[in-house]
Amino acid sequence: MDLALQEAESVEGIEKDGPPGGTGPGEKPRSLWSDAWHQLRRNPVFIISSLMILFLVIISIWPQLIASGDPLQCDLSKSQQGSSPGHPFGYDTQGCDVYTRTVHGARASITVGVCATLGAAFLGSLLGGLAGFFGGWSDALLSRVADIFFGIPVVLGGLVFLSVVTSTTVWPVVGFIVLLGWPQIARIGRGSVITAKQNDYVQAARALGAGNSRMMLRHVAPNAIAPVIVVATIALGTYIALEATLSFLGVGLRPPTVSWGIDISNAASQIRNAPHMLLWPAGALSLTVLAFIMLGDAVRDALDPKLR
């Protein structure tokens, strides 16, 4: 039986990698992932977006590397003052250094985006994958539950759900985004699993007696995860923007947490008198969202051979 299953896995490897000699005479055919990495390393969009994201992650973990000040230390006598030596972004209404708050605000936004994406991707891919693999009543139930969540407006749901939360940490916002974000990834994962389980190597493994868990983990999941990774990467930028929107409306992150959304909300009413208060946190938010969207597009192009 083990020998038969090994033969089924060899059939899977042939279908994934393509015919022998596809990369040149005498060269071993590349798998989907190695071929995608080969493409990504030569994609300038991937390189630029990865460097931007790496920089954002570093300053979110160690903001003191480029901003040694305290984002909560304010001086009302400097309220709304413009750029000055040592304070290139000026001051906000409370006299806080805009540069320091912009740098420290990356931590909350990146934390919310990464944690929400991991939670939504895990829950969505798990439920969607099981529903797509087994089908039947579980598939129908997941589809109807997903339809219910799709019918909830995101901003309105955030206003209702988060308005009753008194915590000032990032976790209520993360939980809300995961709650409304998993159905999209579940549908992508479900469709990908349905497509993967119809391949010849999966049918061969089933005919040779492989169990459901072995087929799911060894044959279906590795070949169905690529679309989920692409959607989750793009969704990460969307979740960061959603956190900023909810914080702008006053139901997301709350002081004393430093967030770009909070700073944009405080600066909106003073845009004519002190536009620098809005320019820098809004610019940082836009660049962050753009970086993750660019990364998602590059990953999609690399993992989908039809786009090459």
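Source: prediction; values computed, not measured.

1. A few points about the pattern of salt bridges
Under the counting rule described, the total for this entry stands at 6 salt bridges. Each of Arg144, Asp147 and Arg187 takes part in salt bridges that share partners, so that together they form one network.

2. What about the confidence of the model for the protein chain?
In this model, the protein chain carries a mean pLDDT of 84, and residues with pLDDT of at least 70 account for 88%. Per-residue pLDDT, averaged within each element of the protein chain, yields its smallest value for helix H1 (residues 2-17) (44) and its largest for helix H3 (residues 44-61) (93). The low-confidence segment residues 1-23, where pLDDT is below 50, has 33 contacts with residues more than four positions distant or belonging to other chains.

3. Comments concerning the environment of Ala268
For Ala268, the position within the fold is in helix H10 (residues 260-268). A residue is classified by how much of its surface remains accessible, and Ala268, at 33% relative accessible area, is partly exposed. C-alpha separation for the pair Ala268 and Phe248, spaced 20 residues apart in sequence, amounts to 9.3 Å.

4. Overview of a nonpolar patch on the surface
On the surface, a cluster of nonpolar side chains totalling about 920 Å² of accessible area is made up of Ile47, Leu51, Leu54, Phe55, Val57, Ile58, Ile61, Trp62, Leu65 and Ile66. Within the secondary structure layout, Ile61 lies in helix H3. With a relative accessible area of 43%, Ile61 lands in the partly exposed category.

5. Overview of the packing of aromatic side chains
Under the defined criterion, the tally for this structure stands at 6 aromatic pairs. Aromatic side chains Trp37 and Phe46 sit 6.2 Å apart centroid to centroid with 90° between the ring planes, which places their arrangement in the edge-to-face category. Owing to a relative accessible area of 46%, Trp37 belongs among the partly exposed residues under this scheme. The exposure class assigned to Phe46 is buried, which follows from its relative accessible area of 14%. Between Phe133 and Phe134 the ring centres are 5.1 Å apart and the planes differ by 85°, which places this aromatic pair in the edge-to-face class. When its relative accessible area of 6% is taken as the criterion, Phe133 is described as buried.

6. Considerations on the layout of surface pockets
Reported here for the second largest pocket is a volume of approximately 340 Å³. Looking at the second largest pocket, it is lined by 17 residues, and the ones nearest its centre are Ala121, Ser125, Leu126, Ala221 and Ile225. Within the residue set of the lining of the second largest pocket, elements represented by two or more residues are helix H4 (98-134), helix H7 (171-196) and helix H9 (212-248). The dominant element in the lining of the second largest pocket, judged by the number of residues it contributes, is H4, at 8 residues. When its residues are assigned to classes, the lining of the second largest pocket shows 13 nonpolar, 4 polar and no charged.

What counts and how
Residues numbered from 1 in each chain as written. Predicted model: local features only at pLDDT ≥ 70, side-chain atom pairs only at ≥ 80, totals over all residues. Heavy atoms only, no water. Salt bridge = Lys/Arg side-chain N within 4 Å of Asp/Glu carboxyl O. pLDDT = per-residue confidence, 0-100. Helix = DSSP H or I, 4+ residues; strand = E, 2+ residues; numbered from the N terminus. Contact = heavy atoms within 4.5 Å. Buried < 20%, exposed > 50% of the residue type's maximum accessible area, 1.4 Å probe, protein only. Patch = residues over 30% accessible without salt bridge, like charges linked within 9 Å, V, L, I, M, F, W, Y side chains within 5 Å. Areas by Shrake-Rupley, 256 points an atom, 1.4 Å probe, with all protein chains shown as cover. Phe/Tyr/Trp six-rings, centres within 6.5 Å; stacked < 30°, edge-to-face > 60°. 1 Å grid on protein atoms, 1.4 Å probe; cavity = no way out; pocket = protein on both sides within 12 Å on 5 of 7 lines; lining within 4 Å. Points joined across faces, edges and corners; volume = space filled by probe spheres on them. Nonpolar A, V, L, I, M, F, W, Y, C, P; charged D, E, K, R; others polar.

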